[in-house]
Amino acid sequence: MVRAGMKTQPFKGRVVLITGASGGIGRAAARAYAAAGADVVLAARRLPELEDAAREVASLGVRALPVRCDVTVGDDVTRLVRETDAAFGGLDVLVNNAGQGLYGPLEGVGEEQLRQVFELNVFGLWRMTREALPLLRKRRGAQVVNVSSVLGHRGLPLLGGYCASKAAVNAMTESLRAELAAEGIRVLLVSPGFTESDFRENRLHAEGWRQDAIPLKAMSAEEVADAMVRASRSGRRDTVLTLPGRVMVVANRWVPSLFDRVARRMAAASKKKDA
């Protein structure tokens, strides 16, 4: 989905690198930035899907560079940045979107599962940003856009490992924002709520735990991507998506004890269901 306002192509002549770009929000973001005029570097682990996404982007009349990259592997990230520099000579926007979910009680989550989620969601973001900064410094008005989640603003039962990883993303974003401000590099945070994508199918689960369909209206990946590009265009520092997501963040900020009771009911309902 591309909004009418995108037709002005505010990103024409700019270069955007998106991780996790083979599907879901990342793939939709690649199309949305391309529709706004940007040349796009698409990075992900799944090469066939990545190349297909790059063809979609190129059909919009911009340059698209697919690069297979696992952001948990340092050599992959170094190569991705090197290929971006060789192709475009710099980078205007880095979108740290690659991530993985984790579902189940903290007691039942395996240590290796938790490390795997943090390696991708937190260390991958840190590694990618650190490597990309020399390219971002070549361009005036460069940005880092970190994709978090409404769950990074509040821990919920059975999602504690994932919530913790996204809370770390939020804190790192705030720190980076202050550290890079003097150089003119803006650091933005986008926190989607429930989104229709392949994210839930690809996440890890504690043994014996599976989540039923969430009884809330989800945003499409395209809606999230459009909101991301609007935030990038305006330089909006924090974007929290979906009405339930915004209500949760505000309620947790101003009446945390009330939301504690909501979370306890959620935990009790889950235990009763699995009993």
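Keep in mind that what you see is a predicted model, and the values were worked out from it rather than measured.

The rules behind the values
Residues numbered from 1 in each chain as written. Predicted model: local features only at pLDDT ≥ 70, side-chain atom pairs only at ≥ 80, totals over all residues. Heavy atoms only, no water. Salt bridge = Lys/Arg side-chain N within 4 Å of Asp/Glu carboxyl O. Buried < 20%, exposed > 50% of the residue type's maximum accessible area, 1.4 Å probe, protein only. Helix = DSSP H or I, 4+ residues; strand = E, 2+ residues; numbered from the N terminus. Contact = heavy atoms within 4.5 Å. Phe/Tyr/Trp six-rings, centres within 6.5 Å; stacked < 30°, edge-to-face > 60°. 1 Å grid on protein atoms, 1.4 Å probe; cavity = no way out; pocket = protein on both sides within 12 Å on 5 of 7 lines; lining within 4 Å. Points joined across faces, edges and corners; volume = space filled by probe spheres on them. Nonpolar A, V, L, I, M, F, W, Y, C, P; charged D, E, K, R; others polar. Patch = residues over 30% accessible without salt bridge, like charges linked within 9 Å, V, L, I, M, F, W, Y side chains within 5 Å. Areas by Shrake-Rupley, 256 points an atom, 1.4 Å probe, with all protein chains shown as cover. Expected span 1.5 Å × (residues − 1). Pairing = 2+ DSSP bridges. Axes fitted to C-alpha atoms, helices over the stretch in contact; angles between N-to-C directions.

Q: Outline the pattern of salt bridges, listing residues and values.
A: Taken as a whole and assessed by the stated rule, the structure comprises 17 salt bridges. In this structure, R127 and E119 form a salt bridge, with 2.8 Å as the shortest nitrogen-oxygen distance. For R127, a relative accessible area of 12% gives the class buried. The class of E119 is partly exposed, set by a relative accessible area of 25%. If you follow the salt bridges from partner to partner, you end up with R27, R31, D52, R55, E56 and E222 in one network.

Q: Outline the environment of Y33, supporting the account with residue identities and numerical values.
A: Topologically, Y33 is positioned in helix 1 (residues 24-35). Judged by relative accessible area, which is 0%, Y33 ranks as buried. Each residue touching Y33, except ones within four places of it in the same chain, is listed here: F11, V16, I18, A38, V40, V93, V95, V145, M228, V229 and S232.

Q: Talk me through the packing of aromatic side chains; I want residue IDs and the actual numbers.
A: Enumeration according to the criterion identifies two aromatic pairs in this entry. Where F11 meets Y33, the ring centres are 5.3 Å apart and the plane angle is 85°; that geometry is what we call edge-to-face. Of this pair, F11 sits in the segment before strand 1 (15-19) while Y33 sits in helix 1, and the two are 22 residues apart along the sequence. In terms of burial, F11 and Y33 fall into one category: buried.

Q: Requested: an account of empty space enclosed by the protein, with residues and values cited.
A: A water-sized probe, rolled over the atoms, reveals where empty space remains. In the structure shown here, the tally under the stated rule is one cavity of 30 Å³ or more. Estimates place the volume of the largest cavity at around 60 Å³. Lining the largest cavity are 13 residues, and of these N96, N97, A98, N121 and L125 sit closest to its centre. Elements with a minimum of two residues in the lining of the largest cavity: helix 4 (111-136) and helix 5 (160-180). Take the lining of the largest cavity: its biggest share by element is five residues, from helix 4. Residue composition of the lining of the largest cavity, by class: seven nonpolar, five polar and one charged.

Q: Tell me about a nonpolar patch on the surface, and name the residues and values.
A: Taken together, the side chains of V250, W254, V255 and L258 present a nonpolar region at the surface, about 410 Å² in accessible area. Take W254: it is sitting in helix 8 (residues 243-254). The class for W254 is exposed, based on a relative accessible area of 66%.

Q: Could you give an account of helix 5, with specific residues and numbers?
A: Between its first and last C-alpha atoms helix 5 spans 30 Å; for 21 residues at 1.5 Å apiece the expected length is 30 Å, and the two agree. Of the positions making up helix 5, those classed as buried are G160, G161, Y162, C163, S165, K166, V169, N170, T173, L176, R177 and L180.

Q: Mind laying out the sheet that holds strand 11 (residues 238-240), listing which residues take part and the relevant values?
A: Taken together, the seven strands give an open sheet; going across it, the order is 3-2-1-4-6-7-11, and neighbouring strands pair in parallel fashion. Each of the sheet's edge strands pairs with one partner strand only, and the pair in question is strand 3 (64-68) and strand 11. Across the sheet, the mean angle separating the axes of adjacent strands is 15° when strand polarity is ignored. Where strand 1 and strand 4 (residues 93-96) come together, three bridges link them in parallel fashion. Along strand 4, the bridge assignment pairs I18 with V95. Contacting strand 6 (143-147), strand 7 (186-191) and strand 11, helix 5 runs over the sheet at an angle of about 160° to strand 7.

Note that every value here comes from positions in space, so none of it alone points to a role or purpose.
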